[in-house]
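For reference, the chains in residue letters:
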Amino acid sequence: MKHIRIFPYPIVVFLLEQRGGNNQPSTKGQKAYGTSFLPSCLLFASKEVLGVGSAFCLLALACGIFGCTNRIIPTTSALEAEPVIATDNQIQVKPLPMEPEYRNEWTPELEAEFWIRANEAIQYYAGKGYGNTHGENEKRSYPIAMFNFLAGNREQALEFLQSEDNEASDHQHTEGIDYYYSFTLKGQIRKYFFFGKFLDPDYKQKMFEGAKKWTEHDPKGRPHPIYGKGKGGDGWGPEVRGGWVDGRNTDNLRAMREVGVYLMAEETGNEDTRLLYKQKLQRYVWALYHIGMGEWDSETYLGHTFAAYLNLYDFAQDPEVKKLGKAALDWMSTAAAVKYYRGGFGGPTKRDYGKGNVVYGSNSARLFWLYFGDVAFPNPKPERDVIHLITSAYRPPLAVVALARKQFEKPVEIRATKPIYENWKPGGEDQPAYWETSFFGHTYQLGSLAGKFADGDVGPFKLIAYNQERGVDYFVANTGGGWVKPGKNSGDQVGQNRNLVIWLRPASEQPFFFQLPKSANAEIEDGIWFFELEKTWLAIHPINLAPYTEVTIEKQKLAELYSQEQTLKATTTGKGYTGFALEVGEEESHGSYSAFKQTIKAKSQLDIGNLATGTVGFTGANGNRLQLTHNSKNELPILLRNGVKYDWLKQLELYNSSYGKKPISLGWKRGNLRVEAGASEFEATVE
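This report concerns the structure included in the present document. These numbers were taken from a predicted model, which means no experiment stands behind them. (Residues numbered from 1 in each chain as written. Predicted model: local features only at pLDDT ≥ 70, side-chain atom pairs only at ≥ 80, totals over all residues. Heavy atoms only, no water.)

1. Looking at the overall build of the protein
Step number 1: The secondary structure content of the protein amounts to 16 helices and 28 strands.
Step number 2: Scored against the burial criterion, the 687 residues of the protein give a buried share of 62%.
Step number 3: In the form shown here, the protein has an accessible surface area of approximately 24,900 Å², with 49% of it arising from carbon and sulfur atoms. (Helix = DSSP H or I, 4+ residues; strand = E, 2+ residues; numbered from the N terminus. Buried < 20%, exposed > 50% of the residue type's maximum accessible area, 1.4 Å probe, protein only. Areas by Shrake-Rupley, 256 points an atom, 1.4 Å probe, with all protein chains shown as cover.)

2. Some thoughts on the sheet that holds strand E19 (residues 577-586)
Step number 1: With antiparallel pairing, the 6 strands of this open sheet are ordered in space as E11-E12-E19-E16-E15-E14. Of all the strands in the sheet, just strand E11 (493-497) and strand E14 (521-525) have a single pairing partner and so form its edges. Between one strand axis and the next, the sheet turns through 15° on average, direction left out of account.
Step number 2: Where E14 and strand E15 (residues 528-532) come together, 5 bridges link them in antiparallel fashion. Looking across to E15, one finds that glutamate 525 is bridged to isoleucine 528. (Pairing = 2+ DSSP bridges. Axes fitted to C-alpha atoms, helices over the stretch in contact; angles between N-to-C directions.)

3. Some remarks on helix H4 (residues 182-193)
Step number 1: Between its first and last C-alpha atoms H4 spans 17 Å; for 12 residues at 1.5 Å apiece the expected length is 16 Å, and the two agree.
Step number 2: In terms of burial, H4 is largely enclosed, as 12 of its 12 residues are buried.
Step number 3: Turning to H4, its buried residues number three or more, namely Ser182, Phe183, Thr184, Leu185, Lys186, Gly187, Gln188, Ile189, Arg190, Lys191, Tyr192 and Phe193.
Step number 4: Looking at the buried positions of H4, the neighbouring elements they touch are helix H2 (138-150), helix H3 (154-161), helix H5 (201-214), helix H7 (251-268), helix H9 (302-315) and helix H12 (386-390). (Expected span 1.5 Å × (residues − 1). Contact = heavy atoms within 4.5 Å.)

4. Examining the environment of phenylalanine 368
Step number 1: Within the secondary structure, phenylalanine 368 sits in helix H11 (residues 363-372).
Step number 2: Those residues in contact with phenylalanine 368 that sit more than four places away from it in its chain are Leu302, Phe306, Met332, Ser333, Ala336, Tyr340 and Gly373.

5. Looking at the sheet that holds strand E22 (residues 625-629)
Step number 1: Taken together, 5 strands build an open sheet; the order of strands is E20-E21-E22-E23-E24 and the sheet is antiparallel. The open sheet has two edge strands, strand E20 (605-607) and strand E24 (644-645), and neither has a second partner.
Step number 2: Both E20 and strand E21 (residues 615-619) contribute to a ladder of 3 bridges, which runs antiparallel. Opposite leucine 606, over in E21, you have phenylalanine 618 as the bridge partner.

6. Observations regarding the environment of glutamate 409
Step number 1: By the element assignment, glutamate 409 lies in the loop between helix H13 (398-404) and strand E6 (412-418).
Step number 2: As a C-alpha pair, glutamate 409 and proline 663 span 254 residues in sequence and 8.0 Å in three-dimensional space.

7. Comments concerning the layout of surface pockets
Step number 1: In this structure, the largest pocket encloses a volume near 650 Å³.
Step number 2: Forming the boundary of the largest pocket are 28 residues, of which Thr300, His304, Asn363, Glu383 and Arg384 lie nearest the centre.
Step number 3: Those elements that provide at least two residues to the lining of the largest pocket are helix H1 (108-125), H2, H7 and H11.
Step number 4: With 3 residues, the top contributor of residues to the lining of the largest pocket is H2.
Step number 5: Of the residues belonging to the lining of the largest pocket, the class tally is 10 nonpolar, 6 polar and 12 charged. (1 Å grid on protein atoms, 1.4 Å probe; cavity = no way out; pocket = protein on both sides within 12 Å on 5 of 7 lines; lining within 4 Å. Points joined across faces, edges and corners; volume = space filled by probe spheres on them. Nonpolar A, V, L, I, M, F, W, Y, C, P; charged D, E, K, R; others polar.)

8. Details of the nonpolar core
Step number 1: Residues Phe306, Tyr309, Tyr371, Phe372 and Ile390 are the most contacted members of the largest nonpolar core, which totals 124 residues.
Step number 2: When residues in this core are grouped by element, the largest group, 11 residues, is from helix H10 (residues 319-339).
Step number 3: In this structure, Ala465, Val494, Leu538 and Phe580 belong to the second largest nonpolar core, which totals 27 residues. (Core = buried A, V, L, I, M, F, W, Y, C linked by side-chain atoms within 4.5 Å.)

9. Some points on unusual backbone geometry
Step number 1: The omega torsion across lysine 410 and proline 411 is 5°, close enough to zero to call that bond cis.
Step number 2: Along the chain, the position of proline 411 falls in the loop between H13 and E6.
Step number 3: The backbone phi angle of aspartate 297 is positive, close to 50°, even though this residue is not glycine.
Step number 4: For aspartate 297, the location among the structural elements is in the loop between helix H8 (271-290) and H9.
Step number 5: Residue aspartate 374 is not a glycine yet carries a positive backbone phi of 55°.
Step number 6: Among the structural elements, aspartate 374 can be located in the loop between H11 and H12.
Step number 7: Judged by relative accessible area, which is 28%, aspartate 374 ranks as partly exposed.

10. Regarding the pattern of salt bridges
Step number 1: Applying the stated criterion to the full structure yields 35 salt bridges.
Step number 2: In this structure, glutamate 136 and lysine 139 form a salt bridge, with 3.7 Å as the shortest nitrogen-oxygen distance.
Step number 3: Under the relative-accessibility criterion, lysine 139 is labelled partly exposed at 31%.
Step number 4: A salt bridge links arginine 674 to glutamate 683; the nearest nitrogen and oxygen atoms lie 3.1 Å apart. (Salt bridge = Lys/Arg side-chain N within 4 Å of Asp/Glu carboxyl O.)

Right under this line is the structure:
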């Protein structure tokens, strides 16, 4: 298939999954291509229509993608169908057809699983109190009201959704409608387009008129009619920050703003603003496929960005923009699938608040659970943004679901890079800021991170391992005070080669902390710390560390969250450097736990002969070797992997697999994402 490069706008080309008859995934080796997509100003490079067998209608939007919202501009014909149907005590969105080029096909079995979990979420929120509309509190209150609507409490939900905003006086210039806060925008968009046919016509007209004024000019930076550019200081409201819209630039807030402004400009016919925001959306999606996401793999915020782009996918009229929405969702669901495992969220993460190191502990796990499932017990608290997933036509590609369920050949190592947080600033596109290594065994995934600088909200290391009853067990390590807090701390340098890890730092009063499940069997033999999890085994060789002791987490809420975990503390002994070397095993690599211990004691070798100069060598029981030299110039350690120097600046790919088949690949500034897992393949290109 040809790809044509035209700048500044990205070209989106989707190579959709091959689908056989009866909607079963394709067999390996078969190829079929979806419709190529180019901007309307270009000729199609090629056009081969995907053969999909008998079409399976996705359970789509309550008010549809194609005009069932009674929009005023442009005019469309309304569908009279109810948005939800109830059968066998289950609530379900009515199936509507979706054009193939916008769709990832799913099997009926996956769809049935989806709706079982969706009903769990609806039942969880049904009847809960909404809260209020003060500030950006709609991020909580609007989703709960929408859940309540789906649960059958329509009158009560609609009364709240149409109630006057707590700060309507601040929003007089937009007819009293809050189009300022980004978190509010996410809900306003779905309220208007999805639930629009149920709104009072006068209220919906007020939303329309307010949006028309709001998008007449670019609302970002436009002086607020009352507060101008704001007084400055603490807070995020218009009285502090000014403007017509929340101007913060975290990935998730930016996505909510840019999607909201685009859709309302498109809806109200403000073409100049629509085109401006189309460019902003194009640049963001280009960045995802070429350099990555600044707020990468956040256990807290990835789902917020994802939900914002569901709005774009569901409600955009411009075909190019709808496909940009799909491209963003495909990328983000793939990124989530790499880290998701049986209700857990593993590996290094950005904007990590330290609350995600248990099953269903992270917001991202509680959201993508709806798509990926594969869990040991129900989700105790579905993420509120799940309302956007339930009321959306989007489904991740089959290959991405299989990736999340780890249905690929193992063991395999996946190396990845992540960009600087504000990657749109000068220099942000020059090279990655972080290098991640993840190793996927048969029962665990082990991930670590290296970078040139310290970073306080990065979770740098995590292992999650299969547990039949819990889903997964967590092994987390870090330095700091009190417990296993997030943060890539200054001086900490970590290197990894498959199932081997070395962590080294200059000796100080800063202790090491380790989190393990209370169910872990702990032993110390020949100075090696052994930990037996259900199917995964750890051997830790301490380097200038005193024997560990168990400590209590002082913060009550965190102590409750980690009530089934134990926190171990190990202090530094001596001077020079301190840290540990880790080796991970399982039945497939070592046979049994007892054999693992014996092999480690007999064959593993820790070389600390040059520790005084910051060099540690480690040979694993299987013969793999790793050497780390602490780098005093920056935070990137000097590594030898199996005797070969690891050149960080030649490892730029966003995803690159080795030691096995490639379940995922995405080159640096290549824009071609490819996933092969289960019996499915998926490929998407943004040029």
